[in-house]
Amino acid sequence: MAEAIRDGLRLEAIAADVAGDGDTALELLSTHTYDIAVLDRDIPGPSGDDVARHIVGSGSGMPILMLTAADRLDDKASGFELGADDYLTKPFELRELVLRLRALDRRRAHSRPPVREIAGLRLDPFRREVHRDGRHIALTRKQFAVLEVLVAAEGGVVSAEELLERAWDRNADPFTNAVRITVSALRKRLGEPWIIATVPGVGYRIDTRAKAAHGGEDRG
């Protein structure tokens, strides 16, 4: 059925990837950026509910449409409580799915976060793209999350604890060196002159003067 839906969506100029189980869905979400997730709640491995929790917890703001045979009011209520934006029960007409997907996309477009620019950096949270002085820079999801927090601070200092809280999850080990390692790797990805400055004993910030500099020392 998933493949038939995918083929039908393609005829409507909507590209889609298919994940036959929860593990595949989570793997695709970790490597690709999607506009909308259509989830069947009853799938092998991590359930559709688990995948929904992951999407909501990631903070990506990706709309979720739950597509399932569970049509009781309690089922729908629990789906919306998990973070679903819409709910379509089986059997359904492909045309209705298309209409709902387009409605979700319109709503998403109206709530797109603004593009931020600072010191030659251009960060687009919606497209999850980063450019520095016009050059595209490929980042991992964690690196992008850290950079997004730093850019939002507009040159202000962000502590390692705050980065851990906002770019990782609540269960992250407060004594981990993940922040230092990620910032160091991110700094190298962004290239010279170094644009992420370390404030010893305090945290990290975007160096708004970096664009005019001519290099620097990579400090973790």
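Report on the accompanying structure. All values derive from a computational prediction rather than experimental measurement.

Some points on the packing of helix α6 (residues 141–152) against helix α8 (residues 178–190)
Where α6 contacts α8, the two axes come as close as 10 Å, and the packing angle between them is 90 degrees. Taken together, α6 and α8 sit at an angle that is classed as roughly perpendicular. Across the interface between the two elements, K142, Q143, V146 and L147 of α6 pack against T182, V183, A185, L186, R189 and L190 of α8. Of the residues contributing to the contact of α6 with α8, the split by class is six nonpolar, two polar and two charged.

Description of the sheet that holds strand β3 (residues 86–89)
Ordered by their spatial adjacency, three strands build an open sheet running β1-β2-β3, and the pairing between neighbours is parallel. Of all the strands in the sheet, the pair left with one neighbour each is β1 (37–39) and β3. Here the strands of the sheet are splayed against their neighbours by 20 degrees on average, with no regard to which way each runs. Taken together, the four bridges between strand β2 (residues 64–68) and β3 define a ladder with parallel strand orientation. Looking at β3, one finds that M66 is bridged to Y87.

What about helix α2 (residues 22–31)?
All of the buried residues along α2 are G22, A25, L28 and L29. Projected onto a plane normal to the axis of α2, the buried residues spread over an arc of 125 degrees and lie on a single side. In this structure, α2 carries E27 and T31 as exposed residues pointing more than 90 degrees from its buried face. Close packing links the buried residues of α2 with α3 (48–58) and α6. For α2, the N-terminal capping position is held by D21, with its side-chain oxygen 3.1 Å away from the main-chain nitrogen of D23.

Focus: the pairing of strand β9 (residues 203–206)
Pairing of strand β8 (residues 196–199) with β9 involves four bridges; the strand directions are antiparallel. In the sheet register, I196 faces β9, and the bridge partner there is I206. In sequence, β8 turns back onto β9 through a hairpin of three residues, with G201 there showing a positive phi of about 75 degrees.

As for the pairing of β2
Counting buried residues along β2, five of its five residues qualify, which places the element largely inside the surrounding structure. Residues I64, M66 and T68 of β2 are buried on one face, and the alternating residues L65 and L67, pointing to the opposite face, are buried as well. As a crossover connection, the stretch from β1 through α3 into β2 is right-handed. With helix α4 (residues 73–82) bridging β2 and its parallel neighbour β3, the resulting β-α-β unit is right-handed.

Notes on the packing of α6 against helix α7 (residues 160–167)
Remark: α6 packs on α7, axes separated minimally by 10 Å, with the N-to-C direction vectors making an angle of 125 degrees. The orientation of α6 relative to α7 falls into the category oblique. Viewed along their axes, α6 and α7 form a crossing whose handedness is right-handed. From α6, K142, A145, V146, V149 and L150 reach across to α7, where they touch L163, R166 and A167. Considered class by class, the residues forming the contact of α6 with α7 number six nonpolar, no polar and two charged.

Parameters and conventions
- Residues numbered from 1 in each chain as written.
- Predicted model: local features only at pLDDT ≥ 70, side-chain atom pairs only at ≥ 80, totals over all residues.
- Heavy atoms only, no water.
- Axes fitted to C-alpha atoms, helices over the stretch in contact; angles between N-to-C directions.
- Helix = DSSP H or I, 4+ residues; strand = E, 2+ residues; numbered from the N terminus.
- Parallel < 35°, antiparallel > 145°, perpendicular 65-115°, else oblique.
- Contact = heavy atoms within 4.5 Å.
- Nonpolar A, V, L, I, M, F, W, Y, C, P; charged D, E, K, R; others polar.
- Pairing = 2+ DSSP bridges.
- Buried < 20%, exposed > 50% of the residue type's maximum accessible area, 1.4 Å probe, protein only.
- Arc of directions from axis to C-beta.
- Polar contact = N/O pair within 3.5 Å; in protein donor to acceptor, adjacent residues only side chain to side chain.
- Right-handed = clockwise from strand over helix to strand, strands pointing away.
- Left-handed = near helix turned anticlockwise from the far one by under 90°.

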